[in-house]
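Summary of structural features
Spelled out from the first residue to the last, the chains are:
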Amino acid sequence: MTHDHPGRPFGRLITAMVSPFSPDGALDVEGASRLATYLVDVQRNDALVVNGTTGESPTTTDAEKETLIRAVVEAVGDRAKVVAGVGTNDTRHTTELARAAEKAGAHGLLVVTPYYSKPPQAGILAHFTTVADATALPVMLYDIPHRAGVPIATETLVRAAEHERIVAVKDAKGDLTGTSWVTARTDLAFYSGDDAGTLPMLAIGGVGVVGTSTHFTGAGTHDMITAFERGDVATARTLHRRLLPLYDGIFRSQGVVLVKAGLRVLGLPGGPVRPPQVDATDAETAQLLADAEAAGLPLNKENLNQ
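Residues numbered from 1 in each chain as written. Predicted model: local features only at pLDDT ≥ 70, side-chain atom pairs only at ≥ 80, totals over all residues. Heavy atoms only, no water.

Here we look at the UniProt feature "site: Part of a proton relay during catalysis" (unreviewed entry) in the protein chain
In the numbering adopted here, UniProt assigns the feature "site: Part of a proton relay during catalysis" (unreviewed entry) to Thr-53 and Tyr-116. A stretch of 64 residues holds the annotated residues, and the largest C-alpha distance among them is 14.4 Å, short enough that they meet in one place. Along the chain, Thr-53 turns up in the loop between strand S2 (47-50) and helix H2 (62-76). Once you skip the residues sitting within four places of it in the chain, Thr-53 turns out to touch Tyr-142 and Arg-147. Not counting the four nearest positions on each side in its chain, Tyr-116 is found in contact with Asn-89 and Ala-148. (UniProt positions renumbered as here; feature names shortened; annotations may be inferred. Helix = DSSP H or I, 4+ residues; strand = E, 2+ residues; numbered from the N terminus. Contact = heavy atoms within 4.5 Å.)

Section: the side chain of Thr-221
Among the secondary structure elements, Thr-221 is positioned in helix H9 (residues 214-229). Ignoring any residue separated from it by four or fewer positions in sequence, one finds Thr-221 in contact with Leu-13, Val-209, Thr-214, Leu-243 and Tyr-247.

Some thoughts on the packing of helix H10 (residues 233-249) against helix H12 (residues 282-294)
Two elements in contact, H10 and H12, have axes whose closest approach is 7 Å; the angle formed by their N-to-C orientations is 155 degrees. Between H10 and H12, the interaxial angle falls into the category roughly antiparallel. H12 is crossed by H10, and the crossing has left-handed handedness. Contacts between H10 and H12 involve Arg-242, Pro-245, Leu-246 and Gly-249 from the former and Leu-288, Asp-291, Ala-292 and Ala-294 from the latter. Here the residues of the contact of H10 with H12 sort into 5 nonpolar, 1 polar and 2 charged. (Axes fitted to C-alpha atoms, helices over the stretch in contact; angles between N-to-C directions. Parallel < 35°, antiparallel > 145°, perpendicular 65-115°, else oblique. Left-handed = near helix turned anticlockwise from the far one by under 90°. Nonpolar A, V, L, I, M, F, W, Y, C, P; charged D, E, K, R; others polar.)

Topic: helix H3 (residues 91-103)
Because an α-helix packs 3.6 residues into every turn, residues spaced three or four apart end up facing the same way. Spanning 13 residues, H3 covers 19 Å between terminal C-alpha atoms, matching the ideal 18 Å at 1.5 Å per step. Among all positions in H3, only Thr-94, Thr-95, Leu-97, Ala-98 and Ala-101 are buried. All buried residues of H3 project into a common sector of 165 degrees when viewed along the axis, lining one side. Set apart from the buried face of H3 by more than 90 degrees, the exposed residues are Arg-92 and Lys-103. In this fold, the buried residues of H3 make contact with H2, strand S3 (81-85), strand S4 (108-112) and helix H4 (121-134). N-capping of H3 is provided by Asp-90, with a side-chain oxygen placed 3.0 Å from the backbone N of Arg-92. Count one or two residues on from H3 and you reach Gly-105, which has phi positive near 105 degrees. (Expected span 1.5 Å × (residues − 1). Buried < 20%, exposed > 50% of the residue type's maximum accessible area, 1.4 Å probe, protein only. Arc of directions from axis to C-beta. Polar contact = N/O pair within 3.5 Å; in protein donor to acceptor, adjacent residues only side chain to side chain.)

Things to note about the UniProt feature "active site" (unreviewed entry) in the protein chain
Per the UniProt annotation, the sites labelled "active site" (unreviewed entry) are Tyr-142 and Lys-170. Of the residues just listed, which span 29 residues, no C-alpha pair is farther apart than 4.7 Å, and they cluster in one region. Residue placement: Lys-170 occurs in strand S6 (residues 166-171). According to the relative accessible area criterion, Lys-170 is buried, its value standing at 6%. Leave out the neighbours within four places in its chain, and Lys-170 touches Leu-110, Met-140, Leu-141, Tyr-142, Asp-143, Tyr-191, Gly-193 and Val-210.

Points about helix H1 (residues 29-41)
The terminal C-alpha atoms of H1, which comprises 13 residues, lie 18 Å apart, in line with the 18 Å expected from a rise of 1.5 Å per residue. Three or more residues of H1 are buried, namely Gly-31, Ala-32, Leu-35, Ala-36, Tyr-38, Leu-39 and Val-40. Elements that come into contact with the buried residues of H1 comprise strand S1 (13-16), S2, H2, H9 and helix H11 (255-266). Sitting at the amino-terminal end of H1 is Asp-28, which places a side-chain oxygen 2.8 Å from the backbone nitrogen of Gly-31.

What follows is the structure, encoded as structure tokens:
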């Protein structure tokens, strides 16, 4: 696989996949397999994150998480990496989830900063290294202060990079200067955690994106990253601007809410969200369709195989 490049441990394009549910709210395992296949074969993802926040990890059980990993690995694991979200604000529980993910066949782990409890940096570093010690899988840290309540400080990232299995960061911090210092001082592979921030992240040494709108913009985003990497910045910028209405628009509500609304329109597996999320209103769905149209990606079934 092309994405085994040492500087791109999980490829260039990764989607944080929603967890499909049936109309009664149960896990739709067959739907997860179909959605994963669409994301890899049509939207050209190199890897998928399952059980991330967009996968509604706060409201799926540990058993459901394991079932999802197994289904997605079986569906696409021969041609894409499957990265399991295992982060919680309990180091012991995260370690258990990491071991279960490894047993279920995951190729890597996504570990978010322990949220809400706002541990000091020493606690954050210990959390990450403890989890990295628990399995043989490569680890991507997830730095998202506006959700976690605390950033991963530059020095913490530099120290975490000393661990042989901590290889990447999903960066949703929005601090390009701080990130520049980390990319200058470590070999960590930086993936933008904000769809619209992918191109600027590439400019300072990033390697790709863990996206949400990439349920729909994946193929175009793949082209944008490839253009940038071959030195065609003008084409990359043109694609960035074209896709911007959907990069941005998918976050008018929670990403999972609007992704599932779009999947419903396309007739793809997604189903309802679980509370406390709420499904998109008709007005929100109409706005999503307008944003997709503005990005040149009208959400209709004729476009499913483009």
